[in-house]
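# Observations on chain architecture
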Amino acid sequence: MKQILLFGAGKSSTALITYLLVNASAENWELTIADANEQAIREKIGDSTHAKPAAIDITNEEKRKALVQASDIVISLLPPALHILVANDCLQYRKNLLTASYVDAQIQALKEEIEKQGLLFLCEMGLDPGIDHMSAKSLIDKIHREGGVIDSFQSHCGGLVAPESDDNPWHYKISWNPRNVVLAGKAGALFKQGGDVVELNYEQLFEQRRYVAIPGFDVFCWYPNRDSLSYIPKYGLTETATFIRTTLRHPDFVYGWKNLIELKLTDEAKQYETGGKNLLQFFKEHLALHGFGAWLEKKLHDQFDSTKSLLSELVTLVKLEEEAADKGIDPVDEFLMVDDKGDLQNIDIDNLKISAAATLADRMHDANLTLKQLFYLGMDDENTVIDKGLCSAADVLQFALEKKLMLQPTDQDLVVMLHEIEYHLNGSKLKTTSTLVLKGEDAVHTAMAKTVGLPLAVAAKLILNGTLTCKGLQIPVNRDIYEPVLRELEENGISFAEETMEVT
């Protein structure tokens, strides 16, 4: 009987555990789940005879090593910083390892030893990273086999809330590790656009709304995700002028997160004693330290000042049209003006009015949203007590998010992934889009858990039954990995809709 060891029984483990237990009898597996929370393990395994709990502190070296030594394969869903503990044990006892996390410097440093021992450490095998790699590389390899030359590659992915469960001003609910939500974007981003390398810091990621359309939904926004450049050679796209990997969010989330950054609510310095303190008291203390009054006054002044100017110009334009009509002068439909680049442009007046009105509405919306989002996180909440000792602002923000933005029992989450690839083939310029849209069932059986867990589960099966035989430190960009995994993911309802069109 093959022994599978899983470290971690958190939010992302549900679909992974279910898959392993459903297939355990046919595949002759036994699953051991190690986590500090034994209750969480038992809730997920139920009365299955193919699984057993192991309640351990991951830092307990003796117990952890004993579990690894007794296994045939190890899967880690631990926080990324803890993977190295398990990885070193796997090297010591010659066990293959699977994770859904990015390859960090500590794991990368093991590359030579992994290869020397003939082991497979398959990382970045979740959703993003994971399914994004496999689905993108499948498209890229197909285009290259046909002789296409790829000019632009953009890959967007987001764990979101389904429209049916979207009931807060952030248009977001947490379906994965809350700490990762708080820290997302902290490292900034590095990508390639139009042949130029672009580097943005944390604050710059959220400075503007970058829109993308997903069929069947209102528009989303994206911000660049980490270091895209390192994936250019892994994807075989050294010829590509644009290469961007991104995270998707609702436009209001991007606006709100920019405000949180400006108000220093994502800072990680531990400076607040939260014993007996409620959210209102924390916000009052923190915002006073960071000039909230002046910040809010400037924020609203800038929005209303630009709104007033825009409204005045719009009213003037309408008045001029009415005066011209009263005098029997034919209305002007369009006029010429020079744009920011010095180019002469034809401007349609009706389109200009529509655009001005839309901008006006956006500014008014943002002005209203500024306080609404902060109040929703607890700025006026004197009932929710933090009581977590010495904390950073980011710690308290995480606490607030967990209280205010968690999925309720019947809520559905939403996973959206979109690849946009532009390329030349046989004298034509083409664009292929590939879209994954998946809704969760409820707060336990989420789309996030399914898309993070199933790739790991399928890969474990393929390794144990001898289908997947590659060795070394890998991410799933090789055809031998992505083809069989994508095939089984599709059988389990994780599939992409593809469209290719000629563009001018």
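Residues numbered from 1 in each chain as written. Predicted model: local features only at pLDDT ≥ 70, side-chain atom pairs only at ≥ 80, totals over all residues. Heavy atoms only, no water.

Looking only at helices and strands, one finds 17 helices and 21 strands in the protein chain. Burial status across the protein chain gives 50% buried among its 504 residues. Looking at the protein chain alone, contacts between residues at least 24 apart form 73% of all its contacts between residues at least 6 apart. Surface accessibility of the protein chain: about 23500 Å² in total, with carbon and sulfur atoms responsible for 49%. (Helix = DSSP H or I, 4+ residues; strand = E, 2+ residues; numbered from the N terminus. Buried < 20%, exposed > 50% of the residue type's maximum accessible area, 1.4 Å probe, protein only. Contact = heavy atoms within 4.5 Å. Areas by Shrake-Rupley, 256 points an atom, 1.4 Å probe, with all protein chains shown as cover.)

End to end, helix α16 (residues 447-464) covers 26 Å across 18 residues, agreeing with the expected 26 Å (1.5 Å per residue, within 8%). Extensive coverage of α16 is indicated by the burial of 17 of its 18 residues. Downstream of α16 by a residue or two, G466 has a phi angle that is positive, lying close to 85°. (Expected span 1.5 Å × (residues − 1).)

Our next topic: the packing of helix α3 (residues 61-69) against helix α4 (residues 83-93). In a packed pair of helices, the relevant descriptors are the angle between the two axes and the axis-to-axis distance. Close contact between α3 and α4 brings their axes to 9 Å; oriented N to C, the two are set at 50°. For the element pair α3 / α4, the angle class is oblique. The element α3 and its partner α4 pack so that their crossing is right-handed. When α3 is examined against α4, the residues R64, K65, V68 and Q69 are found in contact with a partner set consisting of L85, V86, D89, C90, Q92 and Y93. (Axes fitted to C-alpha atoms, helices over the stretch in contact; angles between N-to-C directions. Parallel < 35°, antiparallel > 145°, perpendicular 65-115°, else oblique. Left-handed = near helix turned anticlockwise from the far one by under 90°.)

This brings us to the packing of aromatic side chains. Taken as a whole and judged by the stated rule, the model has 14 aromatic pairs. For the ring pair W170 and W257, a centre distance of 6.4 Å and an interplane angle of 75° mean the geometry is edge-to-face. Taken together, the residues W170 in the loop between β7 (149-161) and α8 (178-183) and W257 in helix α11 (residues 251-262) connect sequence positions 87 residues apart. Taking the relative accessible area as the measure of exposure, W170 reaches 1% and is therefore buried. Taking relative accessible area as the criterion, W257 reaches 2% and is therefore assigned buried. With a centroid separation of 5.5 Å and an interplanar angle of 70°, the aromatic rings of Y235 and F243 are classed as edge-to-face. For the residue pair Y235 and F243, the accessibility class agrees, reading buried in each case. An aromatic cluster is defined as three or more aromatic residues linked by ring pairs; in this entry it consists of F153, Y231, Y235 and F243. (Phe/Tyr/Trp six-rings, centres within 6.5 Å; stacked < 30°, edge-to-face > 60°.)

Looking now at the pairing of strand β8 (residues 189-193). Note on strand geometry: in a regular strand, side chains alternate between the two faces of the sheet. Summarising the sheet, β8 and strand β9 (residues 196-200) pair through five bridges and their orientation is antiparallel. Across the sheet, L190 pairs through a bridge with E199, a residue of β9. Here β8 hands over to β9 after two residues, with G194 in that stretch at a positive phi of 60°. Across two bridges, the pairing between β8 and strand β12 (residues 226-227) is parallel. Directly across from A189, in β12, lies its bridge partner R226. (Pairing = 2+ DSSP bridges.)

Oppositely charged side chains can pair when the atoms bearing their charge come close. A complete count under the given rule lists 21 salt bridges for this structure. Salt-bridge contacts for K137 lead to D141; the nearest nitrogen and oxygen are separated by 2.8 Å. You can see K137 and its partner D141 sitting in helix α7 (residues 131-145), four residues apart, about one turn around the helix. In this structure, K137 and D141 share a single accessibility class: buried. The partner of K173 in a salt bridge is D411, with the nearest N and O atoms 2.7 Å apart. With K173 in the loop between β7 and α8 and D411 in the loop between α15 (393-404) and β18 (413-425), this pair connects stretches of sequence that are 238 residues apart. Taken individually, K173 and D411 each receive the classification buried, so the pair is uniform in this respect. Each of the salt bridges in this network shares a partner with another, and the network as a whole consists of E61, R64, K65 and D89. (Salt bridge = Lys/Arg side-chain N within 4 Å of Asp/Glu carboxyl O.)

With that settled, the discussion passes to unusual backbone geometry. Residue D128 is joined to P129 through a cis peptide bond whose omega torsion reads 15°. You can see P129 is positioned in the loop between β6 (120-122) and α7. The backbone of N28 shows a phi angle near 65°, a positive value even though the residue is not glycine. At H171, a residue that is not glycine, the phi angle is positive and equals roughly 55°. By relative accessible area, H171 is classed as partly exposed at 21%.

What follows covers the nonpolar core. W257 and L401 are the most contacted members of the largest nonpolar core, which totals 54 residues. By residue number, the principal contributor to this core is α15, which donates seven residues. With near-sequence residues (within four places) excluded, L401 lies in contact with I174, V181, V182, W257, L377 and M406. (Core = buried A, V, L, I, M, F, W, Y, C linked by side-chain atoms within 4.5 Å.)

This part covers the packing of helix α12 (residues 279-289) against α15. Between α12 and α15, the shortest axis-to-axis distance is 12 Å and the interhelical angle comes to 145°. Between α12 and α15 lies a crossing of left-handed hand. Side by side, α12 and α15 meet where L279, F282 and H286 of the first sit next to A393, V396, F399, A400 and K404 of the second. Split by residue class, the contact of α12 with α15 holds six nonpolar, one polar and one charged. (Nonpolar A, V, L, I, M, F, W, Y, C, P; charged D, E, K, R; others polar.)

Further remarks concern the sheet that holds strand β1 (residues 2-7). Reading across from one edge, β3-β2-β1-β4-β5-β6-β20 is the order of the seven strands in this open sheet, with parallel pairing throughout. Of all the strands in the sheet, just β3 (51-55) and β20 (472-474) have a single pairing partner and so form its edges. Strand after strand, the sheet turns through a mean of 15° between neighbouring axes, direction not considered. Judged from the six bridges that link them, β1 and strand β2 (residues 29-35) form a sheet pairing that is parallel. Note that in β2 the partner of Q3 across the bridge is E30. Where helix α2 (residues 38-45) meets the sheet, its contacts fall on β2 and β3, and the angle it forms with β3 comes to roughly 170°. Contacts from α4 reach β1, β4 (73-76), β5 (96-99) and β6 within the one sheet, and its direction differs from that of β5 by about 160°.

Take the side chain of K95 next. The residue K95 is located in the loop between α4 and β5 in this model. One buried charge, K95, has no salt-bridge partner; the nearest side chain with opposite charge is D72, at 5.3 Å. At 2.8 Å, the side chain of K95 and the backbone oxygen of S71 are in polar contact. When sequence neighbours within four positions are dropped, the list of residues in contact with K95 reads V68, Q69, S71, V74, C90, L119 and F121. (Lys, Arg positive; Asp, Glu negative; His and termini not counted. Polar contact = N/O pair within 3.5 Å; in protein donor to acceptor, adjacent residues only side chain to side chain.)

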